[in-house]
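Reading the structure
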Amino acid sequence: MKYLDEFRNPEVAHQILEQIRKTVTRPWVIMEICGGQTHSIIRNGIDQLLPPEITLVHGPGCPVCVTPLEIIDQAIAIASQPNVIFTSFGDMLRVPGSYKDLLKVKSEGFDVRTVYSPLEAVDLARNNPDKEVVFLAVGFETTAPGNAMAIHQAAKENLTNFSELVSHVLVPPAMEALLSSPENRVQGYLAAGHVCAVMGWWEYEPIAEKYKVPIVPTGFEPVDILEGLLIIIQQLEAGKHEVVNQYLRAVTREGNQPAQNLISEIFEITDRKWRGIGTIPASGLQIRPKYAAFDASLKFSVGDIQTNESPDCISGIILQGLKKPTECAAFGTTCTPAHPLGATMVSSEGACAAYHQYQRLRMPVS
Amino acid sequence: MCLGIPGKVVEIFEEGGLKMGHIDYGGTQNKACLEYVPEIEIGQYTIIHAGFAISIIDEMEAQQSWDAWREMAEAAAREGIDLFGEETGASA
Ligand code: SF4
């Protein structure tokens, strides 16, 4: 298809790879933030084609992976109530909570449904006035516009039986948290192209300057990723640290203004816990008090939940780029996509699932 | 859920007061909300994320990137650099 095939062209990919080989003289550690890019990198074997000096580490940009266990347990508690239609994006249903997942709740006879768009959940609320329709609103800046629109629409139509259980996360504060950690290895970032399509890339300029790291908003196809890497490596080799936009066809410096306007009408910034990582200040969105009627965490009493994380799972360390999935003892043995112990094994955007799907079982650990 | 994909707008309509469209993804079609790209027209390409268009693909930028890469590949071919000598394949 147009705008896909060109950016998967093997001749061009090889040419960029050749340029990378010519440019690199020293070891560099580069992180791709976004799980979509992790998936593309592993699927296309990009990490194995790069010269040995370049280490790619996989970042926390998978909403399925970083949604805190408390929220999954709250979702399970709400979905297990008789008068509720609980809706979610499909890949959240298999995320392990402390004791079960949403799919299990569905198999127990409760009404748990997958929706493709949050507006479908609003439709359900409109068509089922005697039911409470709850949407699990997770994700980064990419899903925030849709989740904001669903609340806006429900408010407009006065659909008081619609609410969202919100656990939105923001990318730039997480990038900064990783960079300021004493254990940080990251020297350059491929920034998440579609997050930037919504928010623009101006927010990254102070981060690039403060931490002296090149940051390159990048697309998702192999040619995009290789070009993004080339731009970073050229900067690293030259001692530069600028924000340079690789994903010119979809991203502008200012981003999508109408989307940003509605996000800030409905949501406000809050501290947010990231699964496996911990609380990062000002790294999330919550529903503004003005729209509290649509906040499922206020509507349903789910406060005092005791969580229980698998002690074998090291996904938090993987999400910080400190280890690879193959360094986890449970990887491919007690933890598989069919029986995930941690959230990073669930979605194809999770590093563990991507490694498992593309048979990285015996890949040498770098 | 974070996998945004490009698609072509084949129809625009209104639903519940929202600008909506049918998007073609190279054969399969689906509905998406176009409220965040109010200026979009039929025939344009857009990135769809969880049922919402978040960005219009800038055809000129896409063409320019493509032209630059082709030029680079052709220049390398003229210099006699063997691009395809090894058994790799970044888009396998
Ligand atoms: S392989 Fe499974 S247990 Fe190990 S880090 Fe990944 S998700 Fe956690």
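Parameters at a glance
- Residues numbered from 1 in each chain as written.
- Chains lettered and ligands numbered in written order.
- Predicted model: local features only at pLDDT ≥ 70, side-chain atom pairs only at ≥ 80, totals over all residues.
- Heavy atoms only, no water.
- Contact = heavy atoms within 4.5 Å.
- Buried area = accessible area lost by both parts, 1.4 Å probe.
- Polar contact = N/O pair within 3.5 Å; in protein donor to acceptor, adjacent residues only side chain to side chain.
- Helix = DSSP H or I, 4+ residues; strand = E, 2+ residues; numbered from the N terminus.
- Nonpolar A, V, L, I, M, F, W, Y, C, P; charged D, E, K, R; others polar.
- Core = buried A, V, L, I, M, F, W, Y, C linked by side-chain atoms within 4.5 Å.
- Buried < 20%, exposed > 50% of the residue type's maximum accessible area, 1.4 Å probe, protein only.
- Domains from an automatic or database assignment.
- Pairing = 2+ DSSP bridges.
- Axes fitted to C-alpha atoms, helices over the stretch in contact; angles between N-to-C directions.
- Near = heavy atom within 4 Å.
- 1 Å grid on protein atoms, 1.4 Å probe; cavity = no way out; pocket = protein on both sides within 12 Å on 5 of 7 lines; lining within 4 Å.
- Sits in = over half its atoms within 2 Å of the grid points.
- Phe/Tyr/Trp six-rings, centres within 6.5 Å; stacked < 30°, edge-to-face > 60°.
- Lys NZ or Arg CZ within 6 Å of the ring centre and 35° of its normal.
- Salt bridge = Lys/Arg side-chain N within 4 Å of Asp/Glu carboxyl O.
- Arc of directions from axis to C-beta.
- Parallel < 35°, antiparallel > 145°, perpendicular 65-115°, else oblique.
- Points joined across faces, edges and corners; volume = space filled by probe spheres on them.

Digging into the interface of chain B and chain A
Contacts between chain B and chain A engage 50 residues on the former and 60 residues on the latter. Taking both partners together, chain B and chain A bury about 4600 Å²; carbon and sulfur atoms supply 66% of that area. Connecting chain B to chain A are 6 residue pairs in polar contact (both at pLDDT 80 or more). Of all the secondary structure elements, the ones that give two or more residues to the side of chain B that touches chain A are strand E1 (5-15), strand E2 (18-25), strand E3 (28-33), strand E4 (45-49), strand E5 (52-56) and helix H1 (59-78) of chain B. The greatest single-element share of the side of chain B that touches chain A, amounting to 9 residues, is contributed by H1(B). Of the residues that constitute the side of chain B that touches chain A, the class distribution is 30 nonpolar, 12 polar and 8 charged.

Digging into the environment of Ile314(A)
All names here are of chain A. Residue position: Ile314 is located in the loop between helix H14 (296-299) and helix H15 (315-319). Along the primary structure Ile314 and Asp123 are separated by 191 residues, whereas in three dimensions their C-alpha atoms are 39 Å apart. Beyond its immediate sequence surroundings of up to four residues, Ile314 is in contact with Lys323, Glu327 and Cys328.

Focus on the nonpolar core
All names here are of chain A. Phe86, Phe162, Tyr204, Ile215 and Leu229 are the most contacted members of the largest nonpolar core, which totals 146 residues. In terms of residue count, helix H12 (residues 222-238) provides more of this core than any other element does, 9 residues in total. Structurally, this core is a two-domain feature, drawing no fewer than three residues from each of domain 1 (1-309) and domain 2 (315-357). Each residue touching Leu229, except ones within four places of it in the same chain, is listed here: Ile20, Ile30, Ile46, Leu50, Leu56 and Leu190.

Topic: the sheet that holds strand E7 (residues 188-192) of chain A
Residue and element names in this part refer to chain A. In spatial order, the strands read E2-E1-E7-E8; together these 4 strands make up an open sheet with parallel pairing. Of all the strands in the sheet, just strand E2 (54-61) and strand E8 (215-218) have a single pairing partner and so form its edges. Between one strand axis and the next, the sheet turns through 25° on average, direction left out of account. When strand E1 (residues 28-34) meets E7, the two strands line up parallel, connected through 3 bridges. If you follow Met31 over to E7, its bridge partner there is Tyr189.

Here's the deal with the site of the ligand
All names here are of chain A. Taken together, the neighbourhood of the ligand is formed by 13 residues, with Cys313, Cys328, Cys335, Thr344 and Cys352 sitting nearest. Structurally, the ligand is housed in the largest cavity. Of the residues contributing to the shell around the ligand, the split by class is 10 nonpolar, 3 polar and no charged.

Re the packing of aromatic side chains
All names here are of chain A. Tallying each qualifying case throughout the model produces 4 aromatic pairs over all chains. Between Phe220 and Tyr247 the ring centres are 6.2 Å apart and the planes differ by 70°, which places this aromatic pair in the edge-to-face class. Of this pair, Phe220 sits in the loop between E8 and H12 while Tyr247 sits in the loop between H12 and helix H13 (257-266), and the two are 27 residues apart along the sequence. Over the ring of Phe7 we find Arg249; its NZ or CZ atom is 3.4 Å from the centre of that ring. Looking at Arg253, its charged tip hangs above the ring of Trp201, at a distance of 5.7 Å from the centre.

Some remarks on the domain arrangement of chain A
All names here are of chain A. Along its sequence, chain A is organised into domain 1 (1-309) and domain 2 (315-357). Summarising the inter-unit geometry, the C-alpha centres of domain 1 and domain 2 are found 17 Å apart. Contacts between domain 1 and domain 2 engage 27 residues on the former and 23 residues on the latter. When the two sides are added together, the surface that domain 1 and domain 2 hide from each other amounts to roughly 2000 Å², 62% of it contributed by carbon and sulfur. Where domain 1 meets domain 2, there are 0 salt bridges. Counting across the domain 1 and domain 2 interface gives 4 residue pairs in polar contact (both at pLDDT 80 or more). Looking at the side of domain 1 that touches domain 2, the elements with two or more residues in it are helix H2 (35-43), E2 and helix H4 (63-66). When the residues that make up the side of domain 1 that touches domain 2 are grouped by side-chain class, the tally is 14 nonpolar, 7 polar and 6 charged.

Description of H13(A)
Residue and element names in this part refer to chain A. Taken as a whole, H13 has its buried residues at Ala259, Gln260, Leu262, Ile263 and Ile266. Here the buried residues of H13 occupy an arc of 170° about the axis, which is enough to place them on one side. Buried residues belonging to H13 abut helix H8 (144-156), helix H10 (193-199), strand E9 (267-274) and strand E10 (278-287). Between the side-chain oxygen at the start of H13 and the backbone nitrogen of Ala259 there is a gap of 3.0 Å, and the oxygen is on Asn256.

Details of the packing of helix H9 (residues 171-180) of chain A against helix H11 (residues 204-211) of chain A
All names here are of chain A. At a minimum axis separation of 11 Å, H9 and H11 run at an interaxial angle of 5°. Comparing the axis directions of H9 and H11 gives the class roughly parallel. Here Val171, Pro172, Met175, Glu176, Leu179 and Ser180 of H9 come into contact with H11, specifically with Tyr204, Ile207, Lys210 and Tyr211. Taken together, the residues of the contact of H9 with H11 break down into 7 nonpolar, 1 polar and 2 charged.

Side note on empty space enclosed by the protein
All names here are of chain A. All told, the structure shown has 5 cavities of 30 Å³ or more when counted by the stated rule. As a volume, the largest cavity reaches approximately 80 Å³. In this structure, the largest cavity is lined by 14 residues; those nearest its centre are Cys313, Cys328, Cys335, Gly342 and Cys352. Among the residues forming the lining of the largest cavity, the class breakdown is 10 nonpolar, 3 polar and 1 charged.

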